[in-house]
Amino acid sequence: MFLALKEMKHEKLHYGLIVAMIVLISYLMFFLMGMMLGLQNENDAAVKEWGTETVFLNKNSNDSLGQSLITKDQLPSTDRDHTALVGQTPAVIKSKGASKESIQFIGLDDKQFISREKIKLTSGHRARNSHEVVVDEGLKKYGYQLGDKVTLNSGKTKYKIVGFVNDAKYSVASIVYGDLPTWRELRGLNSQAVASGVFSDKDLNKKDYPKLQHYTAEQFINKLPGYSAQNNTFAFMIGFLMVISLIVIAVFLYILTMQKISHYAVMRAQGIPARHLVLATITQSIMLMVGGVLGGLVLTLVTKLAIPMSVPVVMNWPLVVLMAAGLIILGMVGALLPVRMIVKIDPVKALN
Amino acid sequence: MAMMELRNINKYYGEGISRVHVLKDVNFTAEAGVMNLIIGPSGSGKSTFLTIAGGLQTPTEGEVLIDGVDIRQMSPKKKDKLRLEKIGFILQSYSLLPYLNVAEQFKLVDKIKKTGNLSADQLDQLMQELKIKQLLKQYPGELSGGQNQRVAIARALYTNPQIVLADEPTAALDSDLVKVVGKLFQDLAKKENKAVIVVTHDLRLCDFADNIYELTDGKLTLKDDISQAIV
């Protein structure tokens, strides 16, 4: 610790540059992770908010809620507890004094568990009739307010906004919650169509809905359009950055160790154990990584505060801590190369 | 009492046609209380002699005994401990860390060897003798060659070693400071009963030595008359 600290204090520029590099790498990693989670949230926030464990869609829906249509004859004769019919369709919301926005309309049965238990209002009240809707908080920034009368698509029917709800996002759009008859009307369906899908917060079996296709929540979310491709892209970027950070720290420490090899040789000649020098190098790499990761975190937080709301960034702190720990461990792995050099130093060189 | 003994030491470097015989049947004894000076021209094997004596490398043939124990069979860890506790190495290349100031060079020793080092008073006295007391806050890069060398001497003696091995310790010093260092080595031998071995070109140190050896072409001979030495 003594050697590590003294050297870093004396060689501020050298070590400052290394820390700056790690700050930038960790900043990019944290921010990419924040954006990945933010985009995930834009896709699946509502599905997660409903506590979804199981989803059933039409067998010919090609795994898409939007393409799925469930008819009365495909459902068992009795309703199950903890299941809810969900009718989904994309639509455009309009209102005087607010901009026209693309939304996802979700039609629910108000007696079923999603409507009863899972819609957590931030203001207003639940819809009491077919002409009332509850909408995502995100629509506020486009000018929508409680009491506004809105229209959906080119329909003439007016719907009153009676409540706002947080995290009501599906497929990167805000949700407007209404009832199933409205959903049918928006899609131009007759009363034979009951919903787009059946959602449950229980782990249901395929046999519970034998005429429908069974999905776990994870399978359903991964099949959302573009979801897996987007996540894999981010995961690859983060992975590559981790590898780059490993190489950066290993190369920098290697070069610094090369420059110090004559000093180490002298110390070894004077009987200073290699263990002491190895510990100093590992301590240095840990301090560099901790400093860099903390700097990256601060920059990420500042950026999150400064960027516009339209850029979705979600920080998952346990994941951030895990990633930071991973970076620090990578720094220690990066120190193994110079450590190997130190262990192999021939003190005789000190005298030549 | 013999603190260090080198018996029938031979050292070869290289193999086959490029094999070089650097030390030839070298026998040497360093007694406590005696200052030994080993002089010789460049390439005569002085550094090899010193590194073998200090356990930094093993001879091809022969025995190296420190306090009667053959160090050739010692593990690297034990050799480290031996060098740290019993041997004070004063190296030709300045052995100071550039990122520690003079006071911290000693603090580093305290971190590694926690007992048996010079007391604060003893260190103070040593630094006064070497005329470097005023340099405690300076970094090696801010010191002259001679100051660096004297700090390196103080650093090597700080562990209070029984054996002092010095490689060209006066190379960067003027005549007045050579006298100071020569007297210091002499006192270490006489007053503190240490075995002092100095390898050098510098004949100005001859006045302070008890035994003067000459190392020429790998052969070590005790000289009675220094005027015969070829340096």
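Our subject is the structure that appears above.
Just so it is clear, the structure is predicted and the values come from calculations on it, not from any experiment. (Residues numbered from 1 in each chain as written. Chains lettered and ligands numbered in written order. Predicted model: local features only at pLDDT ≥ 70, side-chain atom pairs only at ≥ 80, totals over all residues. Heavy atoms only, no water.)

1. Comments concerning the overall build of chain B
So, step 1. The secondary structure content of chain B amounts to six helices and ten strands.
So, step 2. Its C-alpha atoms give chain B a radius of gyration of 17 Å, near enough to 17 Å, the size a compact globule of 231 residues would have.
So, step 3. Its C-alpha atoms put chain B at 50 × 40 × 35 Å along the principal axes.
So, step 4. With 231 residues in all, chain B has 56% of them scored as buried.
So, step 5. For chain B, the exposed surface amounts to about 9,900 Å²; the carbon and sulfur share of it is 48%.
So, step 6. Distance between charge centroids for chain B: 6 Å, based on 29 positive and 29 negative side chains. (Helix = DSSP H or I, 4+ residues; strand = E, 2+ residues; numbered from the N terminus. Rg over C-alpha atoms; globule rule 2.2 N^0.38 Å. Buried < 20%, exposed > 50% of the residue type's maximum accessible area, 1.4 Å probe, protein only. Areas by Shrake-Rupley, 256 points an atom, 1.4 Å probe, with all protein chains shown as cover. Lys, Arg positive; Asp, Glu negative; His and termini not counted. Charge placed at Lys NZ, Arg CZ, Asp CG, Glu CD.)

2. Digging into the sheet that holds strand β2 (residues 20-31) of chain B
Strand pairing within a sheet occurs via backbone hydrogen bonds; the two strands may be parallel or antiparallel.
All names here are of chain B.
So, step 1. Pairing within the open sheet is antiparallel, and its four strands lie in the order β2-β1-β4-β5. For this open sheet the edge positions go to β2 and β5 (69-70), each flanked by a neighbour on one side alone.
So, step 2. Examined bridge by bridge, strand β1 (residues 2-13) and β2 share eight bridges and lie antiparallel to one another. Within the sheet, the bridge partner assigned to Lys11 lies in β2 and is Leu23.
So, step 3. Packing against the sheet, helix α1 (residues 46-53) makes contact with β1, β2 and β4 (61-66), and its axis sits at approximately 125° to β1. (Pairing = 2+ DSSP bridges. Contact = heavy atoms within 4.5 Å. Axes fitted to C-alpha atoms, helices over the stretch in contact; angles between N-to-C directions.)

3. Digging into the side chain of Asp80(B)
So, step 1. Relative to the helices and strands, Asp80(B) is located in helix α2 (residues 76-86).
So, step 2. Judged by relative accessible area, which is 8%, Asp80(B) ranks as buried.
So, step 3. When residues no more than four places from it in sequence are discounted, the contact partners of Asp80(B) are Arg268(A), Gly271(A), Pro273(A) and Ala274(A).

4. A few points about the interface of chain B and chain A
So, step 1. Contacts between the two partners involve 25 residues from chain B and, on the opposite side, 21 residues from chain A.
So, step 2. Summing both partners gives a buried area of about 2,300 Å² for chain B against chain A, and 68% of it is carried by carbon and sulfur.
So, step 3. Remark: the boundary between chain B and chain A carries two salt bridges.
So, step 4. Salt-bridge contacts for Glu104(B) lead to Lys6(A); the nearest nitrogen and oxygen are separated by 2.7 Å.
So, step 5. For the side of chain B that touches chain A, the elements supplying multiple residues, two or more each, are α1, α2 and α3 (102-112) of chain B.
So, step 6. Element by element, the count of residues in the side of chain B that touches chain A is highest for α3(B), at five residues.
So, step 7. Classifying every residue of the side of chain B that touches chain A by side-chain character gives twelve nonpolar, six polar and seven charged. (Buried area = accessible area lost by both parts, 1.4 Å probe. Salt bridge = Lys/Arg side-chain N within 4 Å of Asp/Glu carboxyl O. Nonpolar A, V, L, I, M, F, W, Y, C, P; charged D, E, K, R; others polar.)

5. Let's talk about the pattern of salt bridges
So, step 1. Counted under the stated rule, the structure contains 23 salt bridges over all chains.
So, step 2. Two residues, Glu7(A) and Lys260(A), come together in a salt bridge whose shortest N-O distance is 3.0 Å. Residue Glu7(A) is found in helix α1 (residues 2-10), and its partner Lys260(A) is found in helix α6 (residues 227-269); the two are separated by 253 residues along the sequence.
So, step 3. The exposure class of Glu7(A) is buried, given its relative accessible area of 5%.
So, step 4. Judged by its relative accessible area of 6%, Lys260(A) is buried.
So, step 5. Taking the shortest distance from any N to any O, the salt bridge between Lys223(B) and Glu214(B) comes out at 3.3 Å. This pair shows no difference in class: Lys223(B) is buried, exactly as Glu214(B) is.

6. Quick word on the nonpolar core
Residues and elements named next belong to chain B.
So, step 1. By size, the foremost hydrophobic cluster in this structure holds 41 residues, and its most contacted members are Met35, Leu37, Leu130, Ile153, Phe185, Val196 and Val198.
So, step 2. Tallying contributions element by element places helix α6 (residues 175-190) first for this core, with eight residues.
So, step 3. Contact partners of Leu130, with chain neighbours within four places excluded, come to Arg150, Ile153, Ala154, Val180, Val181 and Leu184.
So, step 4. Formed by 35 residues, the second largest nonpolar core is a distinct cluster that contains Phe28, Ala30, Val64 and Ala195. (Core = buried A, V, L, I, M, F, W, Y, C linked by side-chain atoms within 4.5 Å.)

7. Quick notes on the environment of Lys137(B)
Residues and elements named next belong to chain B.
So, step 1. Inspection of the secondary structure assignment puts Lys137 in the loop between α4 (120-129) and α5 (145-157).
So, step 2. Taking the C-alpha atoms as reference points, Lys137 and Val102, separated by 35 residues in sequence, lie 6.0 Å from one another.
So, step 3. For Lys137, the residues in contact, after removing those within four places along its chain, are Asn101 and Glu142.

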